[in-house]
Amino acid sequence: MKNNNLKLRLLESWGDLWIRTFDFLGGVFGLLLDVFIWISLSIFTKKVRFGKAATVAEVVRIGVRSVGIVCLVCGCIGLILAIQMAPPLDTFGQTDKIANIVGIAVLRELGPLISAIVLTGFAGAAIAAELGTMVVGEEIEALEAQALNPIRFLAVPRVIATVLSLVLLTIIGDVVAIGTSAFVSVEMLGVPFELYKANTLEEVTLADFLTGLLKAAVFGLILASIACYNGFKVSGGAAGVGKATTDTVVQTVVTIVIADLLFTAVFYQLGWT
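Below, the structure is looked at part by part. All values derive from a computational prediction rather than experimental measurement. (Residues numbered from 1 in each chain as written. Predicted model: local features only at pLDDT ≥ 70, side-chain atom pairs only at ≥ 80, totals over all residues. Heavy atoms only, no water.)

## With respect to the overall build of the protein chain
Logical step 1: For the protein chain, the helix and strand inventory stands at 9 helices and 0 strands.
Logical step 2: In the protein chain, the succession of α and β elements from N to C terminus is α-α-α-α-α-α-α-α-α.
Logical step 3: For the C-alpha atoms alone, the extent of the protein chain along its principal axes is close to 65 × 65 × 35 Å.
Logical step 4: When each of the 273 residues of the protein chain is scored for burial, the buried share is 41%.
Logical step 5: Within the protein chain, residue pairs in contact and separated by at least 24 positions form 85% of the contacts whose partners lie at least 6 positions apart.
Logical step 6: Carbon and sulfur atoms make up 70% of the accessible area of the protein chain, which totals about 14,700 Å².
Logical step 7: Of the side chains in the protein chain, 18 bear a positive and 21 a negative charge, and the two mean positions are spaced by 8 Å. (Helix = DSSP H or I, 4+ residues; strand = E, 2+ residues; numbered from the N terminus. Buried < 20%, exposed > 50% of the residue type's maximum accessible area, 1.4 Å probe, protein only. Contact = heavy atoms within 4.5 Å. Areas by Shrake-Rupley, 256 points an atom, 1.4 Å probe, with all protein chains shown as cover. Lys, Arg positive; Asp, Glu negative; His and termini not counted. Charge placed at Lys NZ, Arg CZ, Asp CG, Glu CD.)

Pasting the structure below:
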């Protein structure tokens, strides 16, 4: 009897997990669909104006203010990679190959992934908290009472700004990570700069760079949509805002890592790795 009760509870927990997962995915997909509809209307319909000023303001708030922390983290990643790889490569007399490994690792994976994770903590949580506070303060209801769509005026600028910002931050992060790795290799490990430069240019291709930017754009879309979704569905006052912020960070990081895995598997099958 006890075993049957235990199995029943496990099945209920498992079923509840899948229900919540599909509810979350459906909600995020529905929000993204609304965002794309409003973007399309703003492009093809003159009656719907595109919020350029709001988008620019969000780019400054989300992207420009994140440049420093992204540079710091990516710079440290470049230093760590160079220092950690030096001993094993030196064993085989291949210290100069640090350039090859760092170039591929940063452009394909670490640049977009690290930038997305940093931006999740820096901007994703802030978006969820900001929208959640507006829900608690009944500002969303005030917009709807004036026949103003919250998705159009609040979500669309944030989604566009996050995607643009993350793509640009990834480029900056790539340059900084490769630059700090080159500095360590040249100044500490004795690798000639021209050799480091030649190895990097020989190893990396335009496809490596573009696939990294594609990942960054998708990661930005995931980040913004999850943050907006959790912000709009806040309930329960201040506690609800805190929960939405925490959920945003956890869900975004997990979803981005899974998306990165799927990208890697697809690119491997296509022969782009």
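## Some thoughts on the packing of helix H3 (residues 67–91) against helix H4 (residues 98–136)
Logical step 1: Interhelical geometry of H3 versus H4 gives an angle of 145 degrees and a closest axis separation of 10 Å. Along this stretch, H3 crosses H4, giving a crossing that reads as right-handed. Residues Ile-69, Val-70, Val-73, Cys-74, Ile-77, Leu-81, Ala-82, Met-85, Ala-86 and Leu-89 of H3 pack against Ile-98, Ile-101, Val-102, Val-106, Leu-110, Ile-114, Ser-115, Val-118 and Phe-122 of H4.
Logical step 2: Its residues assigned to classes, the contact of H3 with H4 shows 18 nonpolar, 1 polar and no charged. (Axes fitted to C-alpha atoms, helices over the stretch in contact; angles between N-to-C directions. Left-handed = near helix turned anticlockwise from the far one by under 90°. Nonpolar A, V, L, I, M, F, W, Y, C, P; charged D, E, K, R; others polar.)

## Brief notes about helix H7 (residues 193–203)
Side chains three or four residues apart in an α-helix point the same way, a direct result of the helix having 3.6 residues per turn.
Logical step 1: Among the residues of H7, those classed as buried are Tyr-196, Asn-199 and Thr-200. Looking down the long axis of H7, one finds its buried residues gathered within 100 degrees of arc, a one-sided arrangement. Looking at H7, the residues exposed on the side facing more than 90 degrees away from the buried face are Glu-194, Leu-201 and Glu-202. (Arc of directions from axis to C-beta.)

## Quick word on the packing of helix H6 (residues 150–187) against helix H8 (residues 206–232)
Logical step 1: Between H6 and H8, whose axes approach to 8 Å, the crossing angle comes to 145 degrees. The interaxial crossing formed by H6 with H8 has right-handed handedness.
Logical step 2: A per-class count over the contact of H6 with H8 returns 19 nonpolar, 4 polar and 2 charged.

## Comments concerning the nonpolar core
Inside soluble globular proteins, nonpolar side chains tend to come together where they are buried.
Logical step 1: The biggest cluster of nonpolar side chains holds 60 residues, and the ones touching the most others in it are Val-35, Ile-98, Val-102, Leu-119, Tyr-196 and Phe-219.
Logical step 2: Those elements giving two or more residues to this core turn out to be helix H1 (2–44), H3, H4, helix H5 (139–145), H6, H8 and helix H9 (238–270).
Logical step 3: For this core, the leading source of residues is H4, giving 15 residues.
Logical step 4: Residues contacting Val-102, with those up to four places away along its chain left out, are Leu-81, Met-85, Ile-178, Ser-181 and Tyr-196. (Core = buried A, V, L, I, M, F, W, Y, C linked by side-chain atoms within 4.5 Å.)

## Considering the environment of Val-253
Logical step 1: Assignment of secondary structure puts Val-253 in helix H9.
Logical step 2: Between the alpha carbons of Val-253 and Ile-222 there is a distance of 9.6 Å; along the sequence they are 31 residues apart.

## Thoughts on the environment of Ala-53
Logical step 1: With respect to the helices and strands, the residue Ala-53 is situated in helix H2 (residues 52–62).
Logical step 2: Taking the C-alpha atoms as reference points, Ala-53 and Pro-157, 104 residues apart in sequence, are found 9.0 Å from one another.

## Let's talk about unusual backbone geometry
Glycine aside, residues mostly have negative phi angles, and peptide bonds mostly take the trans form.
Logical step 1: Its identity is not glycine, yet Glu-138 carries a phi of approximately 60 degrees, on the positive side.
Logical step 2: Take Glu-138: it is sitting in the loop between H4 and H5.

## Considerations on the packing of aromatic side chains
The description of an aromatic ring pair uses the distance of the two centres, along with the angle that the planes make with each other.
Logical step 1: One pass over the structure, following the stated rule, counts 3 aromatic pairs.
Logical step 2: Seen in terms of ring centroids, Phe-24 and Tyr-229 are 5.9 Å apart; in terms of plane orientation they differ by 70 degrees. Their pairing is edge-to-face. Of the two residues, Phe-24 sits in helix H1 while Tyr-229 sits in helix H8, which places them 205 residues apart along the sequence.
Logical step 3: Between Phe-263 and Phe-267, the aromatic rings sit 5.6 Å apart at their centres with planes inclined by 35 degrees, giving tilted as the arrangement. Placement of the pair is Phe-263 and Phe-267 together in helix H9, with a separation of 4 residues, close to one helical turn.
Logical step 4: Members of the aromatic cluster, each reached through a chain of ring pairs, are Phe-219, Phe-263 and Phe-267. (Phe/Tyr/Trp six-rings, centres within 6.5 Å; stacked < 30°, edge-to-face > 60°.)

## Remarks on the pattern of salt bridges
Logical step 1: Applying the stated criterion across every chain yields a total of 8 salt bridges.
Logical step 2: In this structure, the salt-bridge partner of Arg-108 is Asp-208, at a minimum N-O distance of 2.7 Å. With a gap of 100 residues between them, Arg-108 in helix H4 and Asp-208 in helix H8 connect regions that are remote in the sequence.
Logical step 3: Given the relative accessible area of 22%, Arg-108 is considered partly exposed.
Logical step 4: A salt bridge links Glu-109 to Lys-215; the nearest nitrogen and oxygen atoms lie 2.7 Å apart. (Salt bridge = Lys/Arg side-chain N within 4 Å of Asp/Glu carboxyl O.)

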